Amino acid sequence: MPEDFRVLIVDDDFHVAKLHAAYVDSVPGFLALSPVGSASLALQAIHSLRPDLVLLDVYLPDGSGLDLLQQLDVDTMILSAASDAASVSRAFRRGALGYLLKPFTAESLSQQLRSYARYRRILGQAGALDQDAVERAKRSLIPGEAAPSTKPRSATEAAVLESLVPGEQYSAAEVATRVGVSRATAQRYLSSLADDGAVDIQLRYGTTGRPEHRYGLPAR
């Protein structure tokens, strides 16, 4: 099973950082590292801990998070109260994958993280990407924009999608049984549907501690 995405929060307000870490830990498939409160500590933590994703504030005691951003070679999203157009423009120009204005809800951050997970799944597939995959990766980073693909679906893919009941979550094995295909086939189609945004993936931890992927229709 894939490991959780490790997330480093950079925010000089300890209480805010702790709250955001709790938000991150509440999203299946994500693990918050110990937050840091300055640009210099962020550089040290990134070097030593190698996070998958950094959640970065603009206002830091030893410099601007936007100046730090251009030094980083790691996926980064901005979480900040800086709402001026210049800051937002500079953040995206310097490589931010997302920009979330404070204050925000746990659900808002959860949507951003789930979008990021979808983005990583698309870019993590084996082999070269075609243009359609590149476009899906771009769309997936915007919550609500990863709309189901309009491409024609095969009969099996359509059956897999139709087997999902709104509000319910299923394992690949359960979907395979409902559709009448092998687990590997169900897994392949479910992954494709997830990349298109037609299916959401959650992780459920069983009594053995080993996480299991659960698939369901996105909330609308």
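As the structure is a prediction and not an experimental result, all values here were calculated from the model. Residue indices follow the written sequence of each chain, beginning from 1 at its first position. Under the rules for a predicted model, residues below a pLDDT of 70 receive no local features and side-chain atom pairs below 80 are neither given nor counted, while totals for whole chains, interfaces and linings still include all residues. Side-chain measures here rest on the full set of heavy atoms in the structure, leaving out hydrogens and waters.

Draft legend 1. Local environment of the sheet that holds strand β3 (residues 53-56). A strand pair is defined by DSSP finding two or more bridges across the two strands. The helix count covers DSSP runs of H or I at least four residues long, the strand count covers runs of E at least two residues long, and both are numbered beginning at the N terminus. Spatial strand order, β2-β1-β3-β6-β7: five strands in an open sheet with parallel pairing. Either end of the sheet is taken by a strand with one partner, and the two such strands are β2 (30-32) and β7 (98-101). For this sheet, the mean angle separating the axes of adjacent strands, direction not counted, is 25°. Sheet topology places strand β1 (residues 5-10) next to β3; four bridges connect them, and they run parallel. Looking across to β3, one finds that V7 is bridged to L53. Along the sheet face, helix α1 (residues 14-25) touches β1, β2, β3 and β6 (75-80) and points at about 160° away from the line of β2. Any pair of residues with heavy atoms lying within 4.5 Å of one another is described as a contacting pair. Here, axes are lines fitted to C-alpha atoms. For helices the fit covers the stretch in contact, and angles between N-to-C directions go from 0 to 180 degrees. The sheet strands contacting helix α5 (residues 106-123) are β1, β2, β3, β6 and β7, and the helix crosses β6 at an angle near 170°.

Draft legend 2. Molecular detail of a nonpolar patch on the surface. What makes a patch is a set of residues exposed beyond 30% relative accessible area and free of salt bridges, joined within 9 Å when like-charged and within 5 Å when nonpolar (Val, Leu, Ile, Met, Phe, Trp, Tyr). Methods summary: accessible areas were calculated by the Shrake-Rupley approach with a probe of 1.4 Å, and residue burial reflects only the protein chains presented. Think of a salt bridge as a Lys or Arg side-chain nitrogen and an Asp or Glu carboxyl oxygen that are within 4 Å of each other. A grouping of L123, L129 and V134 is seen on the molecular surface, where their side chains present a nonpolar patch of about 200 Å² in accessible area. Tracing the sequence through the fold places L129 in the loop between α5 and α6 (131-140).

Draft legend 3. The pattern of salt bridges, seen in detail. On inspection of all chains with the given rule, the structure shows nine salt bridges. The partner of D200 in a salt bridge is R118, with the nearest N and O atoms 3.1 Å apart. With D200 in strand β8 (residues 200-205) and R118 in helix α5, the pair connects residues that are 82 residues apart, well separated along the chain. Across the pair, R118 and D200 agree in class, each one buried. Shared partners join several salt bridges into a network, and the residues in it are D11, D57 and K102. Accessible area is worked out with a 1.4 Å probe on protein chains only. A residue is then buried under 20% of its type maximum, exposed over 50%, and partly exposed in between.

Draft legend 4. A look at the pairing of β1. By the criterion of burial, β1 is predominantly enclosed, with five of the six residues buried. With three bridges connecting them, β1 and β2 associate as parallel partners. Bridged to V7 within β2 is A32.

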